[in-house]
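# Understanding the architecture of this molecule
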Amino acid sequence: MFYVYLLLTALILVSGFYYWRRSRLSAEFLKRVVLQVHYRFHHLENDEREYGKSKNGALLLKVERTDQDTRNIVVKDVIMDHACLNVSLDQIIMITFPADSNQAYEASVRFRIRGAVRKPDFLSHHHATVIGYVTSEKSGRVPFRIKVGMLEAEQVSQV
């Protein structure tokens, strides 16, 4: 019985350590940059289906730095919190900051909805977990794993 208590105590301590480490990395990321994830569906010009019926789209990663020490952000993986959302990230994404600006260049990642077509605001109720690291001049690589809510991208009207 003693070994069972010892095993449970060790399991609780290890899981507590990983939870603490994960929250510390997220806090470190949030001190350096602000990340927003927007989604946009792809539509073909000859597509007669109405808006919101597309199953393909892109996640737009908009980043703004709050610390001038930050040079770039590398995104290694994007995981959606629903089984029918498939994100295709074939290689890592590097988001760089211009020298005189806090706003970074935008990056996009393609996604596909598997299964039946959902409502147009289906993605507004879900989160994306972004995994990668921030590169800074003083601290070097700072890994992060952060869960971000998704917003619909503004529709650009062409006149």
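Residues numbered from 1 in each chain as written. Predicted model: local features only at pLDDT ≥ 70, side-chain atom pairs only at ≥ 80, totals over all residues. Heavy atoms only, no water.

With that settled, consider the confidence of the model for the chain. Averaged over every residue, the pLDDT of the chain is 81; the share at 70 or more is 87%. Across residues 155-159, confidence stays below pLDDT 50; counting only partners more than four residues off in sequence or on other chains, it has one contact. (pLDDT = per-residue confidence, 0-100. Contact = heavy atoms within 4.5 Å.)

Glancing now at the pattern of salt bridges. Taken as a whole and judged by the stated rule, the model has five salt bridges. Taking the shortest distance from any N to any O, the salt bridge between Arg-32 and Glu-28 comes out at 3.1 Å. Here Glu-28 and Arg-32 lie together in helix H1 (residues 2-32), a separation of four residues that amounts to about one turn. Arg-32 is the partner of Asp-69 in a salt bridge, and the nearest nitrogen-oxygen pair spans 3.9 Å. (Salt bridge = Lys/Arg side-chain N within 4 Å of Asp/Glu carboxyl O. Helix = DSSP H or I, 4+ residues; strand = E, 2+ residues; numbered from the N terminus.)

Okay, the packing of aromatic side chains next. Scanning the model with the defined rule gives four aromatic pairs in all. Plain terms: the ring middles of Phe-2 and Tyr-3 are 5.7 Å apart, the flat faces sit at 65° to each other, and that makes the pair edge-to-face. In this structure Phe-2 comes out as exposed when scored by relative accessible area, which is 57%. On the basis of an interplanar angle of 65° and a centroid distance of 5.5 Å, the ring pair of Phe-17 and Tyr-18 is categorised as edge-to-face. (Phe/Tyr/Trp six-rings, centres within 6.5 Å; stacked < 30°, edge-to-face > 60°. Buried < 20%, exposed > 50% of the residue type's maximum accessible area, 1.4 Å probe, protein only.)

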